[in-house]
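# Topology and contacts: notes
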Amino acid sequence: MKEVITIINEDINYSKKFCNQAIKLYGEKYLFLTFSNILSLKNYSSENEIESLIVSDGYIDKLEEIKANSYYILNEKNKNVKREGKKNYIYKLQSIKQILSVLDG
């Protein structure tokens, strides 16, 4: 069974674009799901295992409500990958391929 990677961002168009590109690049390995509502994501995570959650930094305060094995927080400030336990901070304004290579690595 494929590992589930979920995506939520304030900009739903970004999330959809990210998800579509992710499916093209890593769709054989992972199942990518996009959410536009934090409550729906919370409900999904309570019933299904999420390997990774990709979120914008606007959702940092909601991470404790979502069950996932790892969190990837997209930010626009720091270009370096920063790891803090289950939380990983990734620069949002780089290619989706580069972001996914961090997740897959």
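Before reading on, note that the structure itself is shown above.
Residues numbered from 1 in each chain as written. Predicted model: local features only at pLDDT ≥ 70, side-chain atom pairs only at ≥ 80, totals over all residues. Heavy atoms only, no water.

A regular strand carries its side chains on alternate faces of the sheet. Strand 6 (residues 87-91) sits mainly inside the fold: four of its five residues count as buried. One ladder, built from five bridges, connects strand 4 (residues 70-75) with strand 6; its direction is parallel. For Tyr72, the partnering residue across the bridge sits in strand 6 and is Asn88. Bridging between strand 5 (residues 82-84) and strand 6 involves three bridges; their strand directions are antiparallel. Bridging across to strand 6, Glu84 finds its partner in Lys87. In sequence, strand 5 turns back onto strand 6 through a hairpin of two residues, with Gly85 there showing a positive phi of about 65°. (Buried < 20%, exposed > 50% of the residue type's maximum accessible area, 1.4 Å probe, protein only. Helix = DSSP H or I, 4+ residues; strand = E, 2+ residues; numbered from the N terminus. Pairing = 2+ DSSP bridges.)

Bringing the sheet that holds strand 3 (residues 52-56) into the picture now. Overall, mixed pairing links the six strands, which are arranged 2-1-3-4-6-5 in an open sheet. The open sheet terminates on both sides in strands that have one partner only, identified here as strand 2 (30-35) and strand 5. For this sheet, the mean angle separating the axes of adjacent strands, direction not counted, is 20°. Sheet topology places strand 1 (residues 3-8) next to strand 2; six bridges connect them, and they run parallel. Looking across to strand 2, one finds that Val4 is bridged to Leu31. Docked against the sheet, helix 1 (residues 12-26) engages strand 1, strand 2, strand 3 and strand 4, running at close to 170° with respect to strand 2. Set on the sheet, helix 2 (residues 38-47) makes contact with strand 1, strand 2 and strand 3; between it and strand 1 the angle comes to about 165°. (Axes fitted to C-alpha atoms, helices over the stretch in contact; angles between N-to-C directions. Contact = heavy atoms within 4.5 Å.)

Let us look at the pattern of salt bridges. This model, assessed by the stated rule, comprises two salt bridges. Taking the shortest distance from any N to any O, the salt bridge between Lys29 and Asp104 comes out at 2.7 Å. Here the residue Lys29 occupies a position in the loop between helix 1 and strand 2, and Asp104 occupies one in helix 3 (residues 96-104), the gap between them amounting to 75 residues. Residue classification places Lys29 among the partly exposed residues on the basis of a relative accessible area of 45%. Ionic pairing is found between Lys82 and Glu84, a salt bridge with its closest N-O pair at 3.1 Å. Given the relative accessible area of 39%, Lys82 is considered partly exposed. The exposure class assigned to Glu84 is partly exposed, which follows from its relative accessible area of 40%. (Salt bridge = Lys/Arg side-chain N within 4 Å of Asp/Glu carboxyl O.)

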